[in-house]
Amino acid sequence: RRDRRRLHRPHALLPAAATRSRLAARARMAPSVTQPIALTRVVVLVLCSFSITAMAWSVPSSLNVAYVTSSKQARRALNAVPSICAKSAARHSSDHTIEMTMSPSSPTLQSASQSAEVVAAGIYGTALANAWRGDDKGLNSILSADVQLDTPIWQVQGRDDYRQTLKEATEFLGRAQEAPPPTLLVLSAEKVGEGVAKVQWRLFVEWPSLWRSRVHIFGESELELKKAADGSGMLVTSVREQWHQSPNEVFLQQIMPRVRDIFSLWNTPTAEHFPIKMEEKRKGYDLALMPPTLAVQADWVETGDLLLREQMPLPPFFAFTGEVKRTEWYSSVSPVILRRSLERVPAADGKTQVGQRRRWLLPVPTAFGDDETSLPSPDGGADEEPAAGISQQSVKYVRQQAQRVAMRAIQGTPSNKAVLSAAVELAECAERDGLKVVKQEGRPVLLHLCYDAKVGFNSRQKVSMAVWLSVPKRLQENKVCVLIQDDDRHHDS
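All figures in this text were calculated on a predicted structure; none of them were measured in a lab.

Draft legend 1. Examining unusual backbone geometry more closely. With an omega of 5°, the peptide bond running from Ser-334 to Pro-335 counts as cis. Here Pro-335 shows up in the loop between β15 (331-334) and β16 (336-346). One non-glycine residue, Arg-212, lies in positive phi territory at about 50°. Mapping Arg-212 onto the fold places it in the loop between β8 (196-206) and β9 (214-227). The phi angle at Glu-441 is positive, at roughly 55°, despite the residue not being glycine. Residue position: Glu-441 is located in the loop between β20 (439-440) and β21 (443-444). Residue class for Glu-441 comes out partly exposed when judged on its relative accessible area of 42%.

Listed below in structure tokens is the structure:
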């Protein structure tokens, strides 16, 4: 009763540490912790916090929040709660394609022998990444003087105008107080024709707004190239950019405050959304591409009655390595990606039994870069004795490669029945269209994308908070995916 009285007060969106511990303990095996909040108080909080006009949101009168704020609290909340993205076994590399591993400032190629187009594309990607961080000198050596740039928001003619436009953009985005610099990660460079190459990248910026919007764009640049006059290589004469979202969609879905960020006001900051490119809308599902990313991967294998037990989508206790301080700013990422598949595991009688691998994929904030060696250990206690019915606990950084998926939104609470039924129906629809679905033990490997959940990393780059908002059914946002096998892609098991 004392906790419930606290939750009726406006400041209870971020309760004291003692209250958080009690709520985390009460959250064991429960889908959420109910926090009834009066409609008028939510409206007052929104207006006072954002101080902007013409904001009209339909805010429900009740708010359910399940959250964990440290490894100790996570252990108490989730140790009885029993997901698959193993590190890529190999990277595809040929004379026409190159995948890249890099820090934000100094990308490095992974193959020694490449075509002139791929080499030029790699140099351009490196120069563009540095330019977004304020150093545009590298663009001089790869762009022709009359280069033409065509993006969804810019049309620029000439190298000097190109550099000036980028400079103005970085200066504008740098106005946000304590904001990290814009970060562009080059994902791959590929030759698509004679004198034509394509560079895929992800760009993260923090928009200078009161609510500090995180904008994350998955895009590609098609380059037209010509040989340099001195024969030293190739120069870029034309750049055509494409984004995974239109500028209007970026503004409405990423720059403007989202309903879920308002719900978690004073609890977590605005989330950076992992970008997914919608390639084609088909009957009953969408065909989409998930870009490569560096992520914290936590998983275990569960057996017995845990296979179908209702569980929260929050990561397990051993994925938490940091603490949250009220005075510090930290980065949060959404959605929480949960992968589930079946496999054979040893049984107590020496035989084998069916187990479910439940693997959480927590994308690392883009501003942290793409070099796991510079990040702190992600292990918050995976070697501790697991709960009954759980085995093979592990946590590590993985470099998840691109994945093509068939995707569908589900309505209401993401129960086991809703998620598993959607996965089976998705697999049937995809196979009906001639696609090859990745399966294990005869069942499709599924991904559950929970957009009502987000994971927070503190300023020391450690996982320190996970939040799951259980909102009214009409506002819940969950998607189920099944993996599509591409002939030129490797899918781990």
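Here the narrative resumes, following the displayed structure.
Draft legend 2. Main features of the packing of aromatic side chains. Evaluated as defined, the whole model comprises 6 aromatic pairs. Taking the centre distance of 6.4 Å and the plane angle of 15° together, the rings of Trp-132 and Trp-154 count as stacked. Taken as a pair, Trp-132 in helix α5 (residues 116-132) and Trp-154 in the loop between β5 (143-150) and β6 (155-157) lie far apart in primary sequence, 22 residues in all. Taking 5.4 Å as the distance between ring centres and 85° as the angle between the ring planes, the aromatic pair formed by Phe-317 and Phe-318 counts as edge-to-face. These aromatic residues form a ring-pair network of at least three members: Trp-300, Phe-317, Phe-318 and Trp-360.

Draft legend 3. Geometry of the nonpolar core. Counting 37 residues, the largest nonpolar core has Tyr-124, Trp-132, Leu-143, Tyr-162, Leu-184, Leu-223 and Val-236 as its most contacted members. Here the element with the most residues in this core is α5; it accounts for 9 residues. Listed in part, the 29 residues of the second largest apolar core include Trp-300, Phe-318, Val-364 and Tyr-397.

Draft legend 4. Spatial organisation of the sheet that holds strand β13 (residues 285-290). Ordered in space as β12-β13-β19-β25-β22-β16-β17-β14-β18, the 9 strands form an open sheet in which the pairing is antiparallel. Every other strand in the sheet has two partners, leaving β12 (277-282) and β18 (390-400) as the edge strands with one partner each. When strand polarity is set aside, the average angle formed by the axes of neighbouring strands in this sheet is 25°. As paired strands, strand β14 (residues 293-302) and β18 are joined by 9 bridges and run antiparallel to one another. If you follow Ala-298 over to β18, its bridge partner there is Val-395.

Draft legend 5. Up close: the pattern of salt bridges. Considering all chains together, one arrives at 22 salt bridges under this definition. A salt bridge links Asp-136 to Arg-163, with the nearest nitrogen and oxygen atoms 3.1 Å apart. Pair noted here: Asp-136 is in the loop between α5 and α6 (138-142) and Arg-163 is in helix α7 (residues 159-173), with a separation of 27 residues, a long-range link. Of the two residues examined, Asp-136 and Arg-163, each falls in the buried class. For Glu-190, the salt bridge goes to Lys-198, with nearest N and O atoms at 3.9 Å. Judged by its relative accessible area of 22%, Lys-198 is partly exposed. Taken together, the shared-partner salt bridges connect Asp-299, Glu-343, Arg-357 and Arg-359 into one network.

Draft legend 6. Highlighting α5. In this model, α5 (17 residues) spans 25 Å end to end at C-alpha, consistent with the 24 Å of a helix rising 1.5 Å per residue. Two residues or fewer past α5, Gly-134 is found with a positive phi of approximately 105°.

Draft legend 7. Up close: the environment of Pro-316. Its location among the elements puts Pro-316 in the loop between β14 and β15. Relative accessible area serves as the criterion here: at 1%, Pro-316 is assigned to the buried category. Expressed as a C-alpha distance, the spacing of Pro-316 and Ala-298, which sit 18 residues apart in the sequence, is 7.3 Å.

Draft legend 8. Quick peek at the environment of Arg-282. When you line up the elements, Arg-282 lands in strand β12. Residue classification places Arg-282 among the partly exposed positions, given a relative accessible area of 23%. Residues Arg-282 and Asp-433, spaced 151 residues apart in sequence, show a C-alpha to C-alpha distance of 9.0 Å. When near neighbours in sequence (up to four residues on either side) are disregarded, Arg-282 contacts Leu-287, Asp-433 and Leu-435.

Draft legend 9. Inspection of α7 at higher detail. For α7, with 15 residues, the first-to-last C-alpha span of 21 Å sits near the 21 Å given by 1.5 Å per residue. Listed in full, the buried residues belonging to α7 are Tyr-162, Arg-163, Thr-165, Leu-166, Ala-169, Thr-170 and Leu-173. Down the axis of α7, the buried side of the element spans an arc of 160°, and every buried residue falls inside it. Packed against the buried residues of α7 are α5, α6, β5, β6 and β8.

Draft legend 10. Molecular detail of the packing of α5 against α7. With their axes 9 Å apart at the nearest point, α5 and α7 run at an angle of 40° to one another. With respect to their mutual orientation, α5 and α7 come out oblique. Of α7, the residues touching α5 (which contributes Tyr-124, Leu-128, Ala-131 and Trp-132) are Tyr-162, Leu-166, Ala-169, Thr-170 and Leu-173. Taken together, the residues of the contact of α5 with α7 sort by class into 8 nonpolar, 1 polar and no charged.

Draft legend 11. Quick look at the pairing of β15. Side chains of β15 alternate between two faces, with Ser-331 and Val-333 and Ser-332 and Ser-334 buried alike. In this structure, strand β11 (residues 271-273) lies alongside β15, joined through 3 bridges in parallel fashion. Residue His-273 lies in a different strand from β15, and its bridge partner there is Ser-334. Across 3 bridges, the pairing between β15 and strand β23 (residues 453-457) is antiparallel. Bridge pairing links Ser-331 to Phe-457 in β23.

Draft legend 12. How the structure looks around the pairing of strand β17 (residues 352-363). With 9 of 12 residues buried, β17 lies mostly within the body of the structure. Here β14 pairs with β17 via 8 bridges, running antiparallel. Residue pairing for β17: Ala-298 is matched across the bridge by Trp-360. What sits between β16 and β17 in their antiparallel hairpin is a turn of 5 residues, with Gly-350 showing a positive phi close to 90°.

Here is what the cut-offs are and how they apply
Residues numbered from 1 in each chain as written. Predicted model: local features only at pLDDT ≥ 70, side-chain atom pairs only at ≥ 80, totals over all residues. Heavy atoms only, no water. Helix = DSSP H or I, 4+ residues; strand = E, 2+ residues; numbered from the N terminus. Buried < 20%, exposed > 50% of the residue type's maximum accessible area, 1.4 Å probe, protein only. Phe/Tyr/Trp six-rings, centres within 6.5 Å; stacked < 30°, edge-to-face > 60°. Core = buried A, V, L, I, M, F, W, Y, C linked by side-chain atoms within 4.5 Å. Pairing = 2+ DSSP bridges. Axes fitted to C-alpha atoms, helices over the stretch in contact; angles between N-to-C directions. Salt bridge = Lys/Arg side-chain N within 4 Å of Asp/Glu carboxyl O. Expected span 1.5 Å × (residues − 1). Contact = heavy atoms within 4.5 Å. Arc of directions from axis to C-beta. Parallel < 35°, antiparallel > 145°, perpendicular 65-115°, else oblique. Nonpolar A, V, L, I, M, F, W, Y, C, P; charged D, E, K, R; others polar.

Geometric descriptors of this kind do not, in isolation, establish any biological role.
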